[in-house]
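Structure at a glance
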2 protein chains.
Amino acid sequence: MRETGQRVLRAAVRTLSQLGYRKSTARAIAATGGFAPGVIYYHFADLDDLFVATARFISEQRMARYQAETAGVTEAVEMIASLRSLYVEDEAEGHISAIQELVAAAVTSPRLADSVREETARWVDFAEAVIRRMIADKPFEDLIPAPEVASAFVATYLGLEMLSHLHADRTRPDQMFDAAARLAAIIDLLHT
Amino acid sequence: MRETGQRVLRAAVRTLSQLGYRKSTARAIAATGGFAPGVIYYHFADLDDLFVATARFISEQRMARYQAETAGVTEAVEMIASLRSLYVEDEAEGHISAIQELVAAAVTSPRLADSVREETARWVDFAEAVIRRMIADKPFEDLIPAPEVASAFVATYLGLEMLSHLHADRTRPDQMFDAAARLAAIIDLLHT
């Protein structure tokens, strides 16, 4: 996709994050990005098409960051520290709000729902690979059902995003990372 | 609240579950319940007021069921079996879809967001009490940060509901309960 296509996608992320899905009209997205509304329709068939592309855009960008930051990490404490800094990025860049808006909107858009399903599956695969790396050679390795734990992790992350987006759990992500770091320190001490 | 108020609430749950939030107009809710739209406004100031009451109604009803079913349960295997049957009820009665619609709609309604925050806090308290009962006298009791684990559980449940509502994780809840049951069997063998 050309540079202007990327500009439209970045404007869509910012608009979703700041105004929410319902107010993310072509006019609002164009105003955020500083281009004419026609630019959107040069790259995308309609707004539904743009939002489907936006879900994939956020997911691919974040997947690249998550993979880069966690590559080679085999100790649980270091992994939790990486995930914490990635979560802070997600929040600062408006990805959490934008994704939350798109997931909520997926209830009314079958194409967006397909896209959310597809991206969710990629994140479950990623989580499963990370979990397998974390439990390798641990005494409880065979007790942990990696695919189910991976699904639970992705569901937890989406649920936390939802609560954080509603400010229903304002201070909790930080406390949860603290708690996870304490448990991780114990896991790192265990070896087969 | 009088019996007709309850009828309106039950009709709101069914309509949200079957048609979604956007199509849950006064007319649609009245048609579902078999009463005149005016009945809604006899009990509730407006639709926002009805949806706030509906969120509380579902939460209170389900809390009563969850408390009754889990009261006195101290073994992890039995707890997972209870939670599994409660989840099946949640799904069959349309509570999952209705709650998911209300949580998604909370993004655009500050009063609904307040209500979701309030009910979420009650469920986190409930989860914390259950977790404390489950880990009492276990060797890892002091390692488990009950408030954070309780928040994570509620977030996971909301995330699973969201994925299930989008059919993004169709068969997973069952597989997850299977996995949880296997882990629970191990936990039940541990004693201080």
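Note that the structure is predicted; figures quoted are calculated from it, not measured.

Another aspect to go through is the overall build of chain A. Scanning chain A from N- to C-terminus turns up 9 helices and 0 strands. Starting at the N terminus, the α and β elements of chain A follow one another as α-α-α-α-α-α-α-α-α. Buried positions account for 49% of the 192 residues belonging to chain A. A fraction of 67% describes how many contacts in chain A between residues 6 or more apart in sequence connect residues 24 or more apart. In chain A, which carries 20 positive and 27 negative side-chain charges, the distance between the mean positions of the two groups comes to 8 Å.

This part is about empty space enclosed by the protein. Which parts of space are left empty comes out when a probe the size of a water molecule is rolled across the atoms. Using the criterion set out here, one finds 1 cavity of 30 Å³ or more in the structure. Here the largest cavity defines a volume of roughly 80 Å³. Forming the boundary of the largest cavity are 13 residues, of which Gln100, Ala104 and Met162 of chain A together with Gln100 and Ala104 of chain B lie nearest the centre. Mapped by element, the contributors of at least two residues to the lining of the largest cavity are helix H6 (95–105) and helix H8 (146–165) of chain A together with helix H6 (95–106) of chain B. Class assignment for the residues of the lining of the largest cavity results in 10 nonpolar, 3 polar and no charged.

Let us now look at the packing of aromatic side chains. All names here are of chain B. According to the stated counting rule, one finds 12 aromatic pairs over all chains in the structure shown. Between Trp123 and Phe126, the ring centres sit 5.8 Å apart and the planes meet at 80 degrees, which makes this aromatic pair edge-to-face. Residue Trp123 and its partner Phe126 are both found in helix H7 (residues 110–135); the two are separated by 3 residues, about one turn of the helix. Here Trp123 matches Phe126 in class, with each residue buried.

Bringing the relation of the copies chain B and chain A into the picture now. When chain B is fitted onto chain A, the two copies agree to an RMSD of 0.0 Å after a turn of 180 degrees and an axial shift of 0.0 Å. Put plainly, the chains are arranged around a two-fold axis. Take the interface residues of chain B: 100% of them recur as interface residues in chain A, which is what a same-surface contact looks like.

What follows deals with the interface of chain B and chain A. Every contact between the two is made by 39 residues of chain B and, on the other side, 39 residues of chain A. Scanning the region where chain B abuts chain A turns up 0 salt bridges. Our enumeration of links across chain B and chain A arrives at 1 residue pair in polar contact (both at pLDDT 80 or more). Elements with a contribution of two residues or more to the side of chain B that touches chain A: H6, H7, helix H8 (146–165) and helix H9 (172–189) of chain B. The dominant element in the side of chain B that touches chain A, judged by the number of residues it contributes, is H8 of chain B, at 12 residues.

A separate point is the environment of Leu19 of chain B. Looking at the secondary structure, you find Leu19 of chain B in helix H1 (residues 3–19). Measuring from C-alpha to C-alpha, the distance between Leu19 of chain B and Thr32 of chain B comes to 10 Å, with 13 residues separating the pair along the chain.

What follows deals with the pattern of salt bridges. All names here are of chain A. Tallying each qualifying case throughout the model produces 24 salt bridges over all chains. Two residues, Arg65 and Glu89, come together in a salt bridge whose shortest N-O distance is 2.5 Å. Linking Arg65 in helix H4 (residues 47–70) with Glu89 in helix H5 (residues 76–92), this pair joins segments that are 24 residues apart in sequence. Each of Arg62, Arg65, Glu69, Glu89, Asp90 and Glu93 takes part in one network of salt bridges that share partners.

All names here are of chain B. Where H6 contacts H8, the two axes come as close as 9 Å, and the packing angle between them is 105 degrees. It follows that H6 is roughly perpendicular to H8 by the angle criterion. Mapping the contact onto sequence places Ile96, Ser97, Ile99, Gln100, Glu101 and Val103 in H6 and Leu158, Glu161, Met162, Ser164 and His165 in H8. For the contact of H6 with H8, the class distribution of residues is 5 nonpolar, 4 polar and 2 charged.

Ranked by internal contacts, the top residues of the largest apolar core, which has 117 residues, are Ile29, Leu50 and Leu112 of chain A together with Ile29, Leu50 and Leu112 of chain B. If we ignore the near neighbours within four places in the chain, the residues touching Ile29 of chain B are Val8, Ala11, Ala12, Thr15, Ser24, Phe35, Ile40, Leu47, Leu50 and Phe51 of chain B.

We now examine a nonpolar patch on the surface. A cluster of nonpolar side chains, Leu143 of chain A together with Ile186 and Leu190 of chain B, forms an exposed patch at the surface whose accessible area comes to about 210 Å². Mapping Leu143 of chain A onto the fold places it in the loop between helix H7 (110–135) and H8.

Quick look at the packing of helix H4 (residues 47–70) of chain B against H7 of chain B now. The relative placement of two packed helices is expressed as an angle between their axes plus a distance between the axes. Two elements in contact, H4 of chain B and H7 of chain B, have axes separated by 9 Å at closest approach and are oriented at 10 degrees. With respect to their mutual orientation, H4 of chain B and H7 of chain B come out roughly parallel.

What counts and how
Residues numbered from 1 in each chain as written. Chains lettered and ligands numbered in written order. Predicted model: local features only at pLDDT ≥ 70, side-chain atom pairs only at ≥ 80, totals over all residues. Heavy atoms only, no water. Helix = DSSP H or I, 4+ residues; strand = E, 2+ residues; numbered from the N terminus. Buried < 20%, exposed > 50% of the residue type's maximum accessible area, 1.4 Å probe, protein only. Contact = heavy atoms within 4.5 Å. Lys, Arg positive; Asp, Glu negative; His and termini not counted. Charge placed at Lys NZ, Arg CZ, Asp CG, Glu CD. 1 Å grid on protein atoms, 1.4 Å probe; cavity = no way out; pocket = protein on both sides within 12 Å on 5 of 7 lines; lining within 4 Å. Points joined across faces, edges and corners; volume = space filled by probe spheres on them. Nonpolar A, V, L, I, M, F, W, Y, C, P; charged D, E, K, R; others polar. Phe/Tyr/Trp six-rings, centres within 6.5 Å; stacked < 30°, edge-to-face > 60°. Least-squares fit on C-alpha atoms with pLDDT ≥ 70 in both. Salt bridge = Lys/Arg side-chain N within 4 Å of Asp/Glu carboxyl O. Polar contact = N/O pair within 3.5 Å; in protein donor to acceptor, adjacent residues only side chain to side chain. Axes fitted to C-alpha atoms, helices over the stretch in contact; angles between N-to-C directions. Parallel < 35°, antiparallel > 145°, perpendicular 65-115°, else oblique. Core = buried A, V, L, I, M, F, W, Y, C linked by side-chain atoms within 4.5 Å. Patch = residues over 30% accessible without salt bridge, like charges linked within 9 Å, V, L, I, M, F, W, Y side chains within 5 Å. Areas by Shrake-Rupley, 256 points an atom, 1.4 Å probe, with all protein chains shown as cover.

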